[in-house]
Amino acid sequence: MTFSLNRLLAIAGKEWKDSVKNPQILLMAGMPIVFSILLKGREELSDGGAIDFFTVPIMIAIAVVGAFVQALMISEEKEKNTLRALMLSPASPIEVLLGKSAMTTVYTIAVMIVCMLITGIPAINIAFLALFIVLLLVIFMALGTSIGLLSRTASETSIVGLPILLFFVFGPIFAPGLKVTFIMDVISFIPSYHFMEGLSGLVRGEALGQLWPSLGNLLVWTVLSVLLAFLVYGGKRFDK
């Protein structure tokens, strides 16, 4: 089974046509933009960690538009029994997963750009900012793919998947206020926490060596989440 760009583009084109007919996607895309508007004017970077006002809309865009929309689109196709036909077609797993990720990637990047234009971009190394964003986007989209494949229905995706994804976003923000050691131990492992820590370090002018704990965490999560998506896809491909 060889890689075919034509098959990949065909899958991506179908996803685009389905997405423009789905009002839920527009609703999801509006959420991080609304947050950006609400946080507008609070982007000053202080010792208190006001970098949150820049990172939170980005993380919401990645979690809601990237991961949740991805999960929703896949679970809806499962309900229509069209995903099984695609999985059993000559298209390889990488063609299917990349094709189904193309539309949500475009939407997510567009929403993030709008959010950053609204909140403003802090004095930060753009190359490292892009690296952190790309890694977090891949992680969340892979998790969204796995959630969509594991969910039996689209409503199950909303009930189970969305709270999990939002925990990844808001956990690092609200958990420190609870002052519960166990919760903080859990939060310290999730990628969104290290995304915020990494960007905060960039703003403080930390060297690459000081950013490695956060960058390393994101790299590990990237590998594991992508492997999980392919494993779940492989398991569901021939699932009765």
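Residues numbered from 1 in each chain as written. Predicted model: local features only at pLDDT ≥ 70, side-chain atom pairs only at ≥ 80, totals over all residues. Heavy atoms only, no water.

Draft legend 1. Fine view of the environment of Pro122. By secondary structure assignment, the location of Pro122 is in the loop between helix 5 (93-119) and helix 6 (126-150). Classification of Pro122 as buried rests on a relative accessible area of 13%. With 77 residues separating them in the primary sequence, Pro122 and Leu199 have C-alpha atoms 9.9 Å apart. (Helix = DSSP H or I, 4+ residues; strand = E, 2+ residues; numbered from the N terminus. Buried < 20%, exposed > 50% of the residue type's maximum accessible area, 1.4 Å probe, protein only.)

Draft legend 2. Representation of the packing of aromatic side chains within the structure. Under the counting rule described, the total for this entry stands at four aromatic pairs. Their ring planes at 45° and their centres at 6.2 Å tell us that Phe35 and Phe170 sit as a pair that is tilted. Residue Phe35 is found in helix 2 (residues 23-39), and its partner Phe170 is found in helix 7 (residues 154-178); the two are separated by 135 residues along the sequence. Consider the rings of Phe168 and Trp221, whose centres lie 5.9 Å apart with planes at 85°: the pair is edge-to-face. Of the two residues, Phe168 is situated in helix 7 and Trp221 in helix 10 (residues 208-237); the sequence distance between them amounts to 53 residues. (Phe/Tyr/Trp six-rings, centres within 6.5 Å; stacked < 30°, edge-to-face > 60°.)

Draft legend 3. Representation of the environment of Ile37. Tracing the backbone through its elements, the reader meets Ile37 in helix 2. Sequence-wise, Ile37 and Ile118 are 81 residues apart; in three dimensions their C-alpha atoms are separated by 6.6 Å.

Draft legend 4. Region of interest: the packing of helix 5 against helix 6. It is the contact of helix 5 with helix 6, at a shortest axis distance of 11 Å, that shows an interaxial angle of 135°. The orientation of helix 5 relative to helix 6 falls into the category oblique. In this structure, helix 5 crosses over helix 6, and the sense of that crossing is right-handed. Contact with helix 5, carried on its side by Leu97, Ser101, Thr104, Thr105, Thr108, Met112 and Met116, involves Leu129, Ile133, Leu137, Met141 and Thr145 of helix 6 and no other residues of that element. (Axes fitted to C-alpha atoms, helices over the stretch in contact; angles between N-to-C directions. Parallel < 35°, antiparallel > 145°, perpendicular 65-115°, else oblique. Left-handed = near helix turned anticlockwise from the far one by under 90°. Contact = heavy atoms within 4.5 Å.)

Draft legend 5. Geometry of the packing of helix 7 against helix 9 (residues 191-203). Contact pair helix 7 / helix 9: the axes reach a minimum separation of 8 Å and the direction vectors enclose 55°. In terms of their interaxial angle, helix 7 and helix 9 are classed as oblique. Helix 9 is crossed by helix 7, and the crossing has right-handed handedness. Where helix 7 abuts helix 9, its residues Phe168, Val169, Pro172 and Ile173 lie against Pro191, Ser192, Tyr193 and Met196. Residues of the contact of helix 7 with helix 9, tallied by class, amount to seven nonpolar, one polar and no charged. (Nonpolar A, V, L, I, M, F, W, Y, C, P; charged D, E, K, R; others polar.)

Draft legend 6. Spotlight on the layout of surface pockets. In this model, the second largest pocket occupies a volume close to 290 Å³. Lining the second largest pocket are 13 residues, and of these Leu97, Leu98, Ser101, Val138 and Val226 sit closest to its centre. Counting residues per element, the ones that place at least two in the lining of the second largest pocket are helix 5, helix 6 and helix 10. It is helix 5 that provides the largest number of residues to the lining of the second largest pocket, a total of six residues. Partitioning the lining of the second largest pocket into residue classes produces 10 nonpolar, three polar and no charged. (1 Å grid on protein atoms, 1.4 Å probe; cavity = no way out; pocket = protein on both sides within 12 Å on 5 of 7 lines; lining within 4 Å. Points joined across faces, edges and corners; volume = space filled by probe spheres on them.)

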